[in-house]
Amino acid sequence: MQGSRIFMVSLFIVSLFTALISDGIIVESSSYIQALFIYLLFSCLYHHLRIISRNGNTSIDYGINYSLSIGLFTGPLGLLIFEVIYRFSVYFYKKQTKTDDPDEFFHTFYNIGSFVMSNSIAFYLFNLLYPLFQDAAFGFWIVMLMLITVTSMLSDIFLITVFKLTGDIKSKQEAIDFIKTRSVLDMGKIAFTNGLLLLFLNEGKWEMLISLFILNYLVSRSFLSKSQMLQNKLERDKFEQMAYTDFLTGVFNRAYMDKKMTELNHSMEYIGIVVADIDKFKRINDSYNHAVGDQAIRHFADSLKSYLSKDDYLFRSGGEEFTIIMRFKSYEECVNLTQKIRKGIENSTFHADFKEQPISLSYTASFGLFYYKVNELLSIEKAYVYADQLLLQSKDMGKNRLSCREESIHRHSPKEVVLSNA
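All figures in this text were calculated on a predicted structure; none of them were measured in a lab. (Residues numbered from 1 in each chain as written. Predicted model: local features only at pLDDT ≥ 70, side-chain atom pairs only at ≥ 80, totals over all residues. Heavy atoms only, no water.)

Undergrad: For this particular structure, what's the right way to read the UniProt feature "domain: GGDEF" (unreviewed entry) in the chain?
TA: Under the feature "domain: GGDEF" (unreviewed entry), the UniProt entry names residues 269-407. Structurally, residues 269-407 is divided into 42% helix and 32% strand, and its ends, taken at the C-alpha atoms, are 13 Å apart. (UniProt positions renumbered as here; feature names shortened; annotations may be inferred. Helix = DSSP H or I, 4+ residues; strand = E, 2+ residues; numbered from the N terminus.)

Undergrad: Could you clarify how one ought to interpret the packing of aromatic side chains in this entry?
TA: Remark: the centre distance and the inter-plane angle together describe each pair of aromatic rings, the angle taken between the planes. Inspection of every chain in the model, using the stated rule, returns 33 aromatic pairs. When the ring of Phe82 is compared with that of Tyr86, the centres are 5.9 Å apart and the planes differ by 5 degrees; the resulting orientation is stacked. Here Phe82 and its partner Tyr86 are both found in helix H4 (residues 76-97), four residues apart, which amounts to about one turn of the helix. Residues Phe82 and Tyr86 agree in their burial class; the two are buried. Three or more aromatic residues joined by ring pairs form one cluster here, namely Phe12, Phe88, Tyr91, Phe92, Phe105, Phe106 and Phe109. Taking NZ or CZ as reference, Arg405 lies 4.6 Å from the ring centre of Tyr386, over its face. (Phe/Tyr/Trp six-rings, centres within 6.5 Å; stacked < 30°, edge-to-face > 60°. Buried < 20%, exposed > 50% of the residue type's maximum accessible area, 1.4 Å probe, protein only. Lys NZ or Arg CZ within 6 Å of the ring centre and 35° of its normal.)

Undergrad: Honestly, the pairing of strand S4 (residues 313-316) in this entry has me stumped. Any pointers?
TA: Residues Tyr313 and Phe315 of S4 are buried on one face, and the alternating residues Leu314 and Arg316, pointing to the opposite face, are buried as well. The pairing of S4 with strand S5 (residues 321-327) spans four bridges and is antiparallel. Within S5, the residue paired with Tyr313 across the bridge is Ile325. Between S4 and S5, which pair antiparallel in sequence order, lie four residues. (Pairing = 2+ DSSP bridges.)

Undergrad: Just checking my understanding: could you explain the state of the cysteines for this structure?
TA: Formally, a disulfide is one covalent bond, and it connects the sulfur atom of one cysteine to the sulfur atom of another. For the coordinates displayed, the defined rule picks out zero disulfides. Counting only cysteine sulfurs, Cys334 is the nearest neighbor of Cys404, a cysteine outside any disulfide, at a range of 9.5 Å. On the basis of relative accessible area, Cys404 is assigned to the buried category, the value being 1%. (Disulfide = S-S within 2.5 Å.)

Undergrad: What is the right way to read the side chain of Asn400 from this model?
TA: Here Asn400 is to be found in the loop between helix H14 (380-396) and strand S9 (402-406). Within the structure, the side chain of Asn400 is placed 3.0 Å from the side chain of Arg342, a separation counted as a polar contact. (Polar contact = N/O pair within 3.5 Å; in protein donor to acceptor, adjacent residues only side chain to side chain.)

Undergrad: Can you walk me through helix H10 (residues 254-264) in this structure?
TA: Side chains three or four residues apart in an α-helix point the same way, a direct result of the helix having 3.6 residues per turn. Residues Tyr256, Met257, Lys260, Met261 and Leu264 constitute the buried set of H10. One face of H10 carries all of its buried residues, which in axial projection span an arc of 140 degrees. (Arc of directions from axis to C-beta.)

Undergrad: Help me understand the packing of helix H12 (residues 290-307) against helix H13 (residues 331-346), please; the structure alone is not making it clear to me.
TA: The relative placement of two packed helices is expressed as an angle between their axes plus a distance between the axes. Two numbers describe how H12 lies on H13: the axes approach to 10 Å, and their chain directions differ by 145 degrees. As H12 runs across H13, the sense of the crossing is right-handed. Counted together, Phe300, Ser303, Leu304 and Tyr307 of H12 and Leu337, Lys340, Ile341, Gly344 and Ile345 of H13 form the full contact between these two elements. Residue composition of the contact of H12 with H13, by class: six nonpolar, two polar and one charged. (Axes fitted to C-alpha atoms, helices over the stretch in contact; angles between N-to-C directions. Left-handed = near helix turned anticlockwise from the far one by under 90°. Contact = heavy atoms within 4.5 Å. Nonpolar A, V, L, I, M, F, W, Y, C, P; charged D, E, K, R; others polar.)

Structure follows, in structure tokens:
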């Protein structure tokens, strides 16, 4: 930590020395004061649009930066004055709002030093390169892109040095991965925005300059608002998914089953409700352990899910009990599919570890299927009870069976079938 502080202060001292030995502010004082006021105003206004990312113990502000254009317009000394006023304004604001980092004072010196140093180098490069490109097509913009590339590389080098000293970057690969996080599109945006600002500054088009700042502010604010809305939606979706997902199997839980049943209660569609249960599950837990039992439940859930279409629903409705809602299928299709699932379970095995040894186990399952038209005579909750009773019937008749029932208002009595394990 001490090494990083020394580096931050040293970088500031070098940038200060570079600015002081330069040719001073290279524009008229009135133009400089106007530019300084406008840049400070909008830089402070843009400050709340920044995105903060943490790398270990250090936070990085990814915000809108126009130091290159004012540096090219005024020279290193003019840039230094701007950075000192702006960065210390941010420092005191963070202190006032108690949002500062423990090393905020040293970070302020680092920000001044890094921006002044990198953009001072860009200033001298611009004076060297622009005469070579000014007659070429888009020569000015080529030079601006080159300068942004150089300043971005220098910024990454400074940050990597700090992270190396703080221990947040320990290997060459981590440094390379950090460099890869830089967006080429953002670099292009910074190059063209700073280029336009510099052109407006050189031509004294202050209204155009202010209009560009306002446009960038509105676009950035709109983008940030949309990003926050999207982030909030993703977080809500994530919490909802967590609330409705069974932690062991990853399928929907009982709470989501109740929610979905309420929705389907008004659909008036034909559905098949299947309640399935692992046979003799207690024997698995007693013979081995609960970890093996959990593996059996996960295998059962994965097996059930593999047979279902995107229109069907699978829920873990109990310990080793699962409920399936089959949609857009005839009664015969539901029966055939459930029988296929039952036979597939019977012929499959799952792998687990028991006493540090791999084991392979198999099991069977029993099923109850109730098929009907939603809410014509029965609510879906009542239909679920009937499916559960059919499951118990399969258990009572020897397990590894499917008991089926079709409810129809066109029949005087329900059609009930028990399919054996043959």
